[in-house]
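Listed below, chain by chain, are the residues.
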Amino acid sequence: MRSVGARLQLVQSASGNSSPAGAVDVGLQEIRFGGSPRFREEDVEHTRALAEIAAEILPPIIVHRSSMTVVDGLHRSRAALLRGERTIRARFFDGTPEEAFLLSVKANQAHGLPLSLSERKAAAARLIRMFPHHSDRSIAASAGLSDKTVARLRRASTEHPQLNTRTGVDGRGRPVDGADRRRLAARLLTLEPHRSLRDIAGEVGISPATVLDVRRRIARGEDPVPAGPARAGGPSGVPCHRAPARRDPAHDPQTLLRTLRRDPALRSSEAGRELLRRLHAHLLGPEQCAALLRQAPPHCRERIADLAEVYAEGWHALSESLRDRSRGSWPETETKGRES
């Protein structure tokens, strides 16, 4: 159970300063409740805890001006009512009801009472219907989900229109079609070869792994868009990993690992042997991938998928750093300084 002080700190961090410019006194009888992304709007324990805190040190609530509906601050409003107060400090939000809901979802992501996974998914599904032109990453950032989860929710929905472009987190429109995004990434890689994979991925709206695949295709003189299906099937016909159109035997993970094991610089030191053990432990080929898919309980699949995405991002970041150092763009003196 959180203390009153801990709850106060969470509320303040979610809503900014305790007395920002533009706040006014609003009658509690004038405001309305409803439209929260939570399945159960009020947590009575949290309301009672906030009621013990002096009203003047709590941040103002946010109210949708045209409907007088509370966008952020339901528990602060309920606490004020519990204290017997008649007014509360508030800031007004001018916008559409859809924009008010979007703001409410964003505010609840930083709140002391975070939304559950089911609530975040339900909010994301609603945002997809309200803002079909927003990208998966944009909605994911608002709802506190991964863009892969939002993409699955979008595919499952039959209500959203098919659009050629979507607006990203930065407000820029980008093509929805994966082939067009791959070609855009290829143009950027050609014009700005020194930009990082993550930087280009963020601008185009695809994953760093896809940008890496595009760069490798360009290096081999291939089209950046695969001619056939993008995913290859593992045992039992289960799609489990992205593979290039032509697999280079020199880049087979088992072959690469065997080559590293024969390297005396790695075999002769404890640090090298530890590196080999870590690389072997994280080897994930088609057989291992299919086994994990079979072993994952249905109720754990979303969490495992999110964890796999986090691991993938870490490995892509490591790949970029290793290639930068290999090309000499990261001096060894700087490396030693960072590692010390």
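For the structure itself, consult the block above.
Report on the accompanying structure. The structure displayed is predicted, hence computed values, not measured ones.

### Comments concerning the pattern of salt bridges
Applying the stated criterion across every chain, the model contains 18 salt bridges. A salt bridge links Arg 217 to Asp 213, with the nearest nitrogen and oxygen atoms 3.1 Å apart. Residue Arg 217 and its partner Asp 213 are located together in helix 10 (residues 208-219), separated by four residues, close to a single helical turn. Assigned by exposure class, Arg 217 and Asp 213 land together as buried. A salt bridge links Glu 274 to Arg 277; its shortest N-O distance comes to 2.9 Å. Placement of both Glu 274 and Arg 277 in helix 13 (residues 270-281) is noted, with a separation of three residues, approximately one turn of the helix. Relative accessible area serves as the criterion here: at 30%, Glu 274 is assigned to the partly exposed category.

### Here's the deal with helix 9 (residues 197-204)
Within helix 9 the residues assigned to the buried category are Leu 197, Ile 200, Ala 201 and Val 204. Buried positions in helix 9, seen along its axis, are confined to an arc of 105 degrees and lie on one side of it. Just beyond helix 9, the residue with positive phi is Gly 205, at close to 95 degrees.

### Looking at the environment of Ala 90
Within the secondary structure, Ala 90 sits in strand 4 (residues 87-93). In sequence terms Ala 90 and Gly 22 are 68 residues apart; their C-alpha atoms lie 8.3 Å from each other. Apart from residues no more than four positions distant in its own chain, Ala 90 is found in contact with Gly 22, Ala 23, Val 24, Val 26, Pro 60, Ile 61 and Val 63.

### Quick word on the packing of helix 11 (residues 253-261) against helix 13
At a minimum axis separation of 11 Å, helix 11 and helix 13 run at an interaxial angle of 170 degrees. By the angle class used here, helix 11 and helix 13 are roughly antiparallel. Of the two possible hands of crossing, helix 11 and helix 13 adopt the one that is left-handed. When helix 11 is examined against helix 13, the residues Leu 257, Leu 260 and Arg 261 are found in contact with a partner set consisting of Leu 276, Leu 279 and His 280. Here the residues of the contact of helix 11 with helix 13 sort into four nonpolar, one polar and one charged.

### Describing the packing of helix 8 (residues 178-191) against helix 9
Relative orientation of the contacting elements helix 8 and helix 9 amounts to 135 degrees, with a least axis distance of 10 Å. Relative to helix 9, the element helix 8 lies oblique. Of the two elements, helix 8 crosses helix 9, and the hand of that crossing is right-handed. Two secondary-structure elements touch here, helix 8 through Arg 181, Leu 184, Ala 185, Leu 188 and Leu 189 and helix 9 through Ile 200, Glu 203 and Val 204. Of the residues assigned to the contact of helix 8 with helix 9, the class counts are six nonpolar, no polar and two charged.

Definitions and cut-offs
Residues numbered from 1 in each chain as written. Predicted model: local features only at pLDDT ≥ 70, side-chain atom pairs only at ≥ 80, totals over all residues. Heavy atoms only, no water. Salt bridge = Lys/Arg side-chain N within 4 Å of Asp/Glu carboxyl O. Helix = DSSP H or I, 4+ residues; strand = E, 2+ residues; numbered from the N terminus. Buried < 20%, exposed > 50% of the residue type's maximum accessible area, 1.4 Å probe, protein only. Arc of directions from axis to C-beta. Contact = heavy atoms within 4.5 Å. Axes fitted to C-alpha atoms, helices over the stretch in contact; angles between N-to-C directions. Parallel < 35°, antiparallel > 145°, perpendicular 65-115°, else oblique. Left-handed = near helix turned anticlockwise from the far one by under 90°. Nonpolar A, V, L, I, M, F, W, Y, C, P; charged D, E, K, R; others polar.

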